[in-house]
Amino acid sequence: MTRVIDLRSDTVTRPSEGMRQAMAAAEVGDDVFGDDPTVIELERRAAGLSGKAAALFLPSGTMANLVAVMSHTRPGDEILLGDQSHIFQYELGGAARLAGTMTGTLTNFDDGSLDPDQVLAAARTENLHSPGSTLLCLENTHNRCGGAAVSKKATDSLAEAAHSRGLSVHLDGARIFNAAAALGISAAALAENCDSVSFCLSKGLGCPVGSVLCGSPEFISIARRNRKMLGGGMRQAGILAAAGIYAIDRNLQRLAADHENARLLADGLRELGPFRPNTPQTNIVVADVVAGRLNDWLAAFEREGILAVAFGPQRMRLVTHLDVARADIDEALSRIQRMIGAVPV
Ligand code: TLP
């Protein structure tokens, strides 16, 4: 049987044998009572990695962002965010529906950043007629911008603009360690001027589940209440946190290999002709289909055991990760080469 090369997302990684053993052996308590030692240890490490004083373990990146928005704002406030951001595009409007905030979108540049002048122009002071803008949300790496790693300089100037108008700053750092690896800088430095940062354990780090939200102790104690309200209080969560600790110890250092594989994949796709891929900075390849129909290509990929997702009317996304080796990239490219001619263009 053809081996499936699953490039739909870095969320598809399966926990390794070592990770499963660490989970099975985890010491646990009841995290809602605050006495699960493994969760406490994961939160301590996450705080250290992000350069913040406290951290909170959550089931998903979506909940981490929602809890961050809820904890920084009051219902009726406006949050400013990029029009291509995950919070705006892919979180079912939770910021509006569940946090009661209004979204003010700013145009994302292709490099994933925003214009600090647009932040200054858009930030509103509450008055008899207008809501007040109280939060700016940033994203790094930027998913829809092809995994762009946003520089510290760009992040800092956006945070400075937001702070000058009294807004807090939340960084959706679902893949912040990919950004850190690509830029050769620590995640803590990237998030230094953001008031909170979240990151996912279940993407490039290879855990089955889990995200962490980091910030000041005061912010995290508000976030803990909001997590509980949303049903995200977990009990013997140390079993999941153990996977996170294992991933921080073993899988954080290898992300550059995924970036190298993404570059090889993009280079190979470009040479084949029907695709116009980005030049990936991290582990996300977005490729415009310039000959043939996207759905025909995706169906042909699937028949040949290559899984990718649609990312626009004529655009596909392919993501490299822990369970995809260099040899799989070569294999995927040779399978795609064999399809040329079979897919109508
Ligand atoms: N992104 C998923 C899909 O939802 C698109 C993916 O496959 O990339 N922030 C960013 C920047 C993300 O890319 C994601 C997941 C999240 C937050 C949400 O994380 P989860 O899936 O844990 O809720």
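Residues numbered from 1 in each chain as written. Predicted model: local features only at pLDDT ≥ 70, side-chain atom pairs only at ≥ 80, totals over all residues. Heavy atoms only, no water.

Help me understand the site of the ligand, please; the structure alone is not making it clear to me.
Around the ligand lies a shell of 14 residues, among which Ser9, Gly61, Thr62, Asp172 and Arg175 are the nearest. At 2.7 Å from an oxygen atom of the ligand is found a side-chain nitrogen or oxygen belonging to Ser9. A distance of 2.9 Å is found between an oxygen atom of the ligand and a side-chain nitrogen or oxygen belonging to Arg317. Contact with the protein chains removes 81% of the 520 Å² of surface that the ligand exposes when unbound. With three residues, helix H3 (residues 61-72) is the single largest residue contributor to the shell around the ligand. Partitioning the shell around the ligand into residue classes produces one nonpolar, seven polar and six charged. (Near = heavy atom within 4 Å. Polar contact = N/O pair within 3.5 Å; in protein donor to acceptor, adjacent residues only side chain to side chain. Areas by Shrake-Rupley, 256 points an atom, 1.4 Å probe, with all protein chains shown as cover. Helix = DSSP H or I, 4+ residues; strand = E, 2+ residues; numbered from the N terminus. Nonpolar A, V, L, I, M, F, W, Y, C, P; charged D, E, K, R; others polar.)

I keep staring at the pairing of strand S3 (residues 78-82) and nothing clicks. Help me out?
Consecutive side chains of a regular strand alternate in pointing toward one face of the sheet and then the other. Across the five residues of S3, five count as buried, placing the element largely inside the fold. Covered by surrounding structure in S3 are Glu78, Leu80 and Gly82 together with Ile79 and Leu81, the residues of both alternating faces. Note that S3 and strand S4 (residues 102-106) share five bridges and pair parallel. Bridging across to S4, Leu80 finds its partner in Gly104. One ladder, built from four bridges, connects S3 with strand S5 (residues 133-139); its direction is parallel. (Buried < 20%, exposed > 50% of the residue type's maximum accessible area, 1.4 Å probe, protein only. Pairing = 2+ DSSP bridges.)

Any chance you could explain the sheet that holds strand S13 (residues 315-319) here in plain terms?
Paired through their backbone hydrogen bonds, the strands of a sheet run either parallel or antiparallel. Pairing in this open sheet of four strands is antiparallel, and the strands run S9-S10-S13-S12 from one edge to the other. The two strands at the open ends of the sheet, each matched to only one other strand, are strand S9 (275-277) and strand S12 (309-310). The sheet contact formed by strand S10 (residues 284-289) and S13 spans five bridges and is antiparallel. The residue bridging Val286 from the neighbouring strand is Arg317, located in S13. Along the sheet, helix H12 (residues 255-272) contacts S9, S10 and S13; its crossing angle with S10, the most-contacted strand, is approximately 15°. Most of the contacts of helix H13 (residues 294-303) go to S13, to which it runs at about 30°, and overall it touches S9, S10, S12 and S13. (Contact = heavy atoms within 4.5 Å. Axes fitted to C-alpha atoms, helices over the stretch in contact; angles between N-to-C directions.)

Would you take a moment to explain the packing of aromatic side chains for this structure?
To describe a pair of aromatic rings, you give the distance between the ring centres and the angle between the ring planes. For the structure on display, the rule yields five aromatic pairs. For the ring pair Phe177 and Phe199, a centre distance of 4.8 Å and an interplane angle of 75° mean the geometry is edge-to-face. One end of the pair, Phe177, is in helix H8 (residues 176-183); the other, Phe199, is in strand S7 (residues 196-200), and 22 residues separate them in sequence. The same class applies to Phe177 and to Phe199, which are both buried. Seen from their ring centres, Trp297 and Phe301 are 6.3 Å apart, and the 75° between their planes marks the pair as edge-to-face. Of the two residues, Trp297 and Phe301 both sit in helix H13, four residues apart, roughly one turn of that helix. On the basis of relative accessible area, Trp297 is assigned to the buried category, the value being 1%. Each residue in the set Phe275, Trp297 and Phe301 is aromatic and connected to the rest through ring pairs, giving one cluster. (Phe/Tyr/Trp six-rings, centres within 6.5 Å; stacked < 30°, edge-to-face > 60°.)

Is there a simple way to think about the domain arrangement of the chain in this case?
Along its sequence, the chain is carved into domain 1 (17-250) and domain 2 (254-339). Averaged C-alpha coordinates put domain 1 and domain 2 at centres separated by 28 Å. Each side of the interface is counted separately: domain 1 has 18 residues, and domain 2 has 12 residues. Between domain 1 and domain 2, the buried area comes to about 1300 Å², and carbon and sulfur atoms account for 53% of it. It is Gly146, Asn178 and Gly204 that lose the most area in domain 1 upon contact with domain 2, and together they represent 33% of the buried surface on that side. (Domains from an automatic or database assignment. Buried area = accessible area lost by both parts, 1.4 Å probe.)

Which parts of the structure should I look at to understand the nonpolar core?
Within soluble globular proteins, side chains that are nonpolar tend to cluster in buried spots. Formed by 48 residues in total, the largest nonpolar core has its most connected members in Phe57, Leu136 and Val212. Considering every element that reaches this core, the biggest residue donor is helix H11 (residues 238-250), with six residues. Ignoring sequence-local partners within four residues, the contact set of Phe57 consists of Val39, Leu42, Glu43, Leu201, Gly210, Ser211, Val212, Arg227, Met234, Ala237, Leu240 and Ala241. Counting 27 residues, the second-largest nonpolar core is a separate cluster that includes Leu265, Val285, Phe301 and Met339. (Core = buried A, V, L, I, M, F, W, Y, C linked by side-chain atoms within 4.5 Å.)

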